[in-house]
Amino acid sequence: QLQAFGGGLVQAGGSLRLSCAVSGGTFRTYTVGWFRQAPGKDQEFVAAIRRSGGGTYYADSVKGRFTISRDRTKNTVYLQMSSLKPEDTAVYYCAADSGIILSSLTMGTAYDYWGQGTLVTVSS
């Protein structure tokens, strides 16, 4: 199971940290991704961190502003979001899977497990 939390309302230029708590399975074997969906738009990839030691990946739109990390002691993946923009407003979802290959990392359909969304609203 995945549980995402940490969303809220923030002014443009501010920061938020999202958390995705993973329970069940073996945490170190999971690739965890963050996706978001803004009103009236398709779901889009935000960031992913591969299973233990496998690297991090970001959408161009968030590169340099967002940082994904994992805490193995807490079975939790974080998405630190800085320099937030109004266009970052969306429901953010975390997803996990143990069998994702590099070429499918940005595809939501590749992930079997999803958490509930957490709303991030950035005001201008």
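Scroll up to find the structure this text is about.
Residues numbered from 1 in each chain as written. Predicted model: local features only at pLDDT ≥ 70, side-chain atom pairs only at ≥ 80, totals over all residues. Heavy atoms only, no water.

### Describing the state of the cysteines
(1) Moving on: Summed over all chains, the structure comprises one disulfide.
(2) Moving on: Disulfide pairing is shown between Cys-20 and Cys-94; the S-S distance is 2.2 Å. Here the S-S torsion is close to 75°, and the disulfide linking Cys-20 with Cys-94 is therefore right-handed. Remark: Cys-94 occurs in strand S9 (residues 90–97) and Cys-20 occurs in strand S3 (residues 16–22); sequence separation between them is 74 residues. (Disulfide = S-S within 2.5 Å. Helix = DSSP H or I, 4+ residues; strand = E, 2+ residues; numbered from the N terminus.)

### Some words on the pairing of strand S1 (residues 2–5)
(1) Moving on: On S1, burial follows the alternation: Leu-2 and Ala-4 on one face are buried, whereas Gln-3 and Phe-5 on the facing-out side are not.
(2) Moving on: The pairing of S1 with S3 spans four bridges and is antiparallel. Looking across to S3, one finds that Gln-3 is bridged to Ala-21. (Buried < 20%, exposed > 50% of the residue type's maximum accessible area, 1.4 Å probe, protein only. Pairing = 2+ DSSP bridges.)

### Details of the packing of aromatic side chains
(1) Moving on: Following the criterion strictly, the structure yields five aromatic pairs and no others.
(2) Moving on: When the centroid spacing of 5.3 Å and the interplanar angle of 50° are considered together, the rings of Phe-35 and Trp-114 count as tilted. Taken as a pair, Phe-35 in strand S4 (residues 31–37) and Trp-114 in strand S10 (residues 113–114) lie far apart in primary sequence, 79 residues in all.
(3) Moving on: Using a relative accessible area of 1% as the deciding quantity, one classes Phe-35 as buried.
(4) Moving on: The class for Trp-114 is partly exposed, based on a relative accessible area of 32%.
(5) Moving on: Every member of this aromatic cluster is reached through a ring pair, and the members are Phe-35, Phe-45, Tyr-111 and Trp-114.
(6) Moving on: One cation-aromatic arrangement involves Arg-17 over Tyr-78; the distance from NZ or CZ to the ring centre is 4.1 Å. (Phe/Tyr/Trp six-rings, centres within 6.5 Å; stacked < 30°, edge-to-face > 60°. Lys NZ or Arg CZ within 6 Å of the ring centre and 35° of its normal.)

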